[in-house]
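Chain and residue survey
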Amino acid sequence: MLNHHSYYSFKYGVLSPAEWVEWAREEGEEVLALTDINTSAACIEFSRLAREAGIKAVAGIDFCKASERQFIALARDEEAFAEMNHYLSSRLHQDLEAEAEAPLEKAYVIYPFDRAPKRNLRENEYIGLEPKDLNKLRFSPLKNQSSKMVILHPNSFRHKGDYNTHRLLRSIGENCLLSKLPVEKQAPAQWGLLNSRKLKALFSEYPEIISNSERILADCNLDFEFKNYSKSLNRIHYTDSLTGDREIIRSLCYNGLEYRYPNADPEVHQRLEKELDVIEKRGYYSYFLINWDIVNYARRKNYFYVGRGSGANSLVAYLLRITDVDPIELDLYFERFINLSRRQPPDFDVDFSWRDRADVTRYIFERFPKASLLGSYTTFKYRAIARELGKVLGLPGRDIDELSRARRQGGKDWDDMQKLVLRYGKRIEDFPNHLTVHASGILIPEKDISYYGSTFLPPKGFPTTHFDMYTAEDIGLHKFDILGQRGLAKIKEAVQLVKQNRPEAKELDIHQVQNFYKDPKIKDMLREGQTMACFYVESPAMRALLRKLRADTYLGLVAASSIIRPGVSASGMMAEYIRRYREPERRQYIHPKIGEILEETYGVMVYQEDVLKVAHFFAGLSLEEADVLRRGMSWKFRERNEFDTIKDKFFQNCAERGYSEAVSTEVWRQIESFGNYAFAKGHSASYAVESYQSLYLKAYYPLEYLLATINNGGGFYSVETYLNEARLAGGIVEAPCINRSEMEAVLIHPQIFLGLQMLKELEEKTAVNILRERHTNGPFENLNEFLERVEISLEQCILLIRINAFRAMEIDKKKLLWEAHFILGNAKKSAPVNELFRNTREKLVLPELESGEHEQAVDEIELLGFPLSSPFQLVPELPEGCIAAQDIAQHIGEEIRLCGYLIHVKNVTTRGQQARHMMFGTFLDQAGHFIDTVHFPPVAERYPFQGKGIYLIRGIVIEEYDFVSVEAKYIERLPYVNFEHA
């Protein structure tokens, strides 16, 4: 009655909250308590599901130490629930286990019979008895305390299959073989399901115990409000009142008008007043002002950020500088973001540099002490399940590997143990595995977070909820999205590098992007798809799209950023948009009304707003209904009944307006296929702004920008590919150097010295020691002096020698290797000495040592992952008759031969009844220029890629709207030289 475990008792429970509710409904239970182990993760979800089923939910926590229950707490009301969560959180934050006795005063506390305190129980404390304890009770000193006793049977398993699943989960949790699982680490087999009728029958001799149990359950009245869209649990006021919020936001907006629109026309003022009116009526002042506070801090710290998503549709957000997209210029639809009918709150996504995000998060928690990170769950997926269950069942590694590669049975004849893994794997697939942190969500509630759940303390060091975003949304806690992005770090660091390396350059204001839109150099880069390393426009697919569109305007790039998305391309609308863009005569609309609504995009739905426009203006749905329709396409949307109702109304309205069934069906098909995968127009515009900033830096300061790209982890491609791009821009790429390199790569025009951190096996402490000594006492003169000044092991020293880091002192690596062995001898590491006591060592005399032609490249591949010389030099003999990438366009429709260095493969599955595998390849030729290939299923199957390397490609040159590629007919990976003899 009082103790039920769901699968949120991680690696312990086996029933979902929904299954518990279904069981209770079938058994005729009127009340059910969920008490998961050391977590309140499921309490809110369980409460919602129980209410929908007409069952009273009681929220509880089973406090355990290791696998031993200490006590169970049940929430009498919201104050008791907060007390329970606060206590649990305090223990979890300090990595402490539950105490033997509960310091709780407001919640009901129930101790197991064999752990009852040997003192008088407080008013809220009880002793819980399992059916097995009844015989003990008759001979126990506690037998006269029935007034303080309740029924405490742990309901956990429906049948033997559930119990077996529990034992497997416990073995995974304990990381041991099932056969070695200690008895004390698993639940007793008798913890099967007993409904209240059966429990009352077992306790019939003790009516007071039954009545105590029923009274406690009746007294527990924790109740959450679900989907009350007029009420938010977020911080209510930014200041201390609505009046204060109104005054500050209006002041900020009118100051923002002077910055954004020095000569604002009446349309801007009207739009501002309209938005402020809606924001006040919806109670969103605080939400806007908290976001303003966060980005204002970022500006004070000179942190780059981008406000994106549908928030860019708001003029208020633009004036508050939360976003940098002008909604007036782009005619952005404010109702997509907020309207009086829309039930969901606004949702800003603010990207910061991945280097700055941690400090911004720290600021939020200091500025708003009630803040919490939003939790999430990792779930058991097939490959991990196969490995984990295979391991605890003692399968050999070979069998586990075979299982993890196969999805389900797949026609394979499995042995009994493998079948067991598959059978139980199906049971636990998608079970929560453990708590983790949401990628970006932060909650800032009005009340302490403990009123809604407990928190844990992940490595990030900030309290993190046990519940996820869906649960938070259900009760009206709406997240602030604070994301980290490498693209912003690249821009920021490139600007800093320009200031350092180009003091003669004019002052660079990277935020004045309007100037970039008209720049002829950037226009040319966009038209030709010369966008390597530039944010969101560098992938092979995006480069191809830019060539096809010949897009060289801001609006063109905004559209391209959205139509590249899977939903638009898969529906065929991307291809149709390209055709209509390039061939105006093809701009024929399925209905004149669609032509009116979507005139800007030639009758093709490109943005999420287009769904709203079509649903509202074409099908006559209200804005609220249109927004339900738009959100209904999302994989996040859970209210399917509501969506189906709107769908029916769409077709009904279309029929009433006289549209043919064929027209209505085609419009619906486009909406449905479009769905979750397109961007809001403001989101695309935000991305386009960042793209233009990247393009400007690449166009005018390519080495600085590419260096920043390399030091921030690259982008779509590997670091090696960006180094090739730097060479094309006139850069000279140098291996790490003892006297020139830093931890990250540095630019000494035109040389780029790779950072010490790029050496795969060089220890961080070794690199730090080297740099600290060099910065303190100057450059190193020779290897002997280096070893006297830096503590380093022989193995670490050899890494530096092999990568040629001492080349400024001695070009012959073989001599240096002999010298290092001679100096260090049998010592494990060098022992730095004071300069006063350094001795002049006898110079080592060596004979002339031979070096292989490709020896340096071999070392570079091993230590860096790629050669610094051309990889084409590693092929003993390149095939004849191959043409250069720049000449491909001269051979449209012809069969050609090429040699290319593979840098990217995209695997796709064809659509249709018989899905087949095909591929797209991206190569570099000897001059470093791109070759794009397409490999249709027959070729992909017969000639698969065989890893990184140089390939001979034979194929037909094809062209589509100025984008030239090669339809591969044959590929062959060419062998490198024999490295053993290099």
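Coordinates for the structure precede this section.
One numbering rule holds for all chains: residues counted from 1, following each sequence as written. Given that this is a predicted model, residues contribute local features only at a pLDDT of at least 70 and side-chain atom pairs are listed and counted only at 80 or more, while totals for whole chains, interfaces and linings are drawn from all residues. For side-chain calculations, the full set of non-hydrogen atoms in the structure is used, while hydrogens and water are omitted.

1. Quick word on the nonpolar core
Nine residue types can take part in a nonpolar core, namely buried Ala, Val, Leu, Ile, Met, Phe, Trp, Tyr and Cys, and a core is a set of them joined through side-chain atoms within 4.5 Å. Only protein chains enter the calculation, and the probe is 1.4 Å; a residue is then buried if its accessible area is under 20% of its type maximum, exposed if over 50%, and partly exposed in between. Residues Tyr554, Phe618, Phe786 and Leu800 are the most contacted members of the largest nonpolar core, which totals 133 residues. With 8 residues, helix H30 (residues 681-700) is the single largest residue contributor to this core. For this analysis, residues touch if any pair of their heavy atoms sits within 4.5 Å. With residues near it in sequence (within four places) discarded, Phe618 still touches His591, Lys593, Ile594, Ile597, Lys613, Cys654, Arg657, Tyr659, Val663 and Val667. One finds Phe46, Cys64, Ala73 and Ala472 within the second-largest nonpolar core, a separate group that totals 83 residues. Helix and strand definitions follow DSSP, with helices as H or I runs of at least four residues and strands as E runs of at least two, each counted in order from the N terminus.

2. Notes on the side chain of Asn212
One can find Asn212 in helix H7 (residues 207-219). With a relative accessible area of 5%, Asn212 lands in the buried category. Polar contact is the term for a pair of N or O atoms within 3.5 Å; when the atoms are in protein, one must be able to donate a hydrogen and the other to accept it, and sequence-neighboring residues count only if both atoms are side-chain atoms. For Asn212, the side chain forms a polar contact with the main-chain oxygen of Met149, separated by 2.9 Å. In this view, Asn212 contacts Ser146, Ser147, Lys148, Met149 and Val150; residues no more than four positions away in its chain are not counted.

3. A look at the packing of helix H22 (residues 554-563) against H30
At a minimum axis separation of 8 Å, H22 and H30 run at an interaxial angle of 115°. In terms of crossing hand, the pair formed by H22 and H30 is right-handed. Residues Tyr554, Leu557, Val558, Ser561 and Ser562 of H22 form the contact with H30, whose participating residues are Lys681, Ser684, Ala685, Ala688, Val689, Ser691 and Tyr692. All amino acids are sorted into three groups, where Ala, Val, Leu, Ile, Met, Phe, Trp, Tyr, Cys and Pro are nonpolar, Asp, Glu, Lys and Arg are charged, and the leftover types, Gly among them, are polar. Partitioning the contact of H22 with H30 into residue classes produces 7 nonpolar, 4 polar and 1 charged. Note on geometry: axes are lines fitted to C-alpha atoms, helical ones only across the stretch in contact, with angles between N-to-C directions running from 0 to 180 degrees. Two helices cross in a left-handed way if the nearer one is turned anticlockwise from the farther one by less than a right angle. They cross in a right-handed way if the turn is clockwise.

4. Some points on the pairing of strand E18 (residues 917-924)
Summarising burial for E18: 6 of the 8 residues are buried, a large majority. Pairing analysis gives 8 bridges linking strand E17 (residues 895-909) to E18, with the strands arranged antiparallel. Paired with Thr909 across the two strands is His917, which belongs to E18. Hairpin connection, E18 to strand E19 (residues 930-935): the antiparallel pair is bridged by 5 residues, and Gly928 has positive phi, about 90°. Pairs of strands are assigned from DSSP output, requiring at least two bridges between the strands.

5. A short note on the sheet that holds strand E3 (residues 68-74)
Strand order in the open sheet formed by 6 strands is E1-E2-E3-E4-E5-E6, and the pairing between neighbours is mixed. At either end of the open sheet lies a strand with only one pairing partner, and these are strand E1 (31-37) and strand E6 (149-151). Here the strands of the sheet are splayed against their neighbours by 35° on average, with no regard to which way each runs. Taken together, the 7 bridges between E1 and strand E2 (residues 56-65) define a ladder with parallel strand orientation.

6. So, the pattern of salt bridges
Any carboxyl oxygen of Asp or Glu that lies within 4 Å of a side-chain nitrogen of Lys or Arg is treated as forming a salt bridge with it. Going through the model one piece at a time under the given rule, you end up with 71 salt bridges. Where Glu704 meets Arg502, a salt bridge forms, and the shortest distance between an N and an O atom there is 3.1 Å. Of this pair, Glu704 sits in helix H31 (residues 702-711) while Arg502 sits in the loop between helix H18 (486-501) and helix H19 (514-517), and the two are 202 residues apart along the sequence. What makes Glu704 buried here is its relative accessible area of 0%. A single network of salt bridges, built from pairs that share partners, joins Glu528, Arg547, Arg550, Arg582 and Asp962.

7. Re the packing of helix H10 (residues 285-300) against helix H13 (residues 357-367)
Where H10 contacts H13, the axes come no closer than 10 Å and their chain directions differ by 130°. Of the possible angle classes, the one that applies to H10 and H13 is oblique. Helix-helix and strand crossings are classified by hand; for H10 and H13 the assignment is right-handed. Packed against H10, whose contacting residues are Asp293, Ile294, Tyr297 and Arg300, the element H13 presents Asp359, Val360, Arg362, Tyr363, Ile364 and Arg367 at the interface. Within the contact of H10 with H13, the residues separate by chemical class into 5 nonpolar, no polar and 5 charged. Oblique is the label for any angle not under 35 degrees, not over 145, and not in the 65 to 115 range, which are roughly parallel, roughly antiparallel and roughly perpendicular in turn.

8. Concerning the sheet that holds strand E16 (residues 751-753)
The strand order across the open sheet built from 3 strands is E14-E16-E15, with neighbouring strands paired in mixed fashion. Of all strands in the sheet, those bounded by a partner on one side alone are strand E14 (732-734) and strand E15 (746-748). The mean angle between the axes of side-by-side strands here comes to 25°, regardless of whether they run parallel or antiparallel. In terms of strand pairing, E14 meets E16 through 3 bridges, oriented parallel. Looking at E16, one finds that Val733 is bridged to Ile752.

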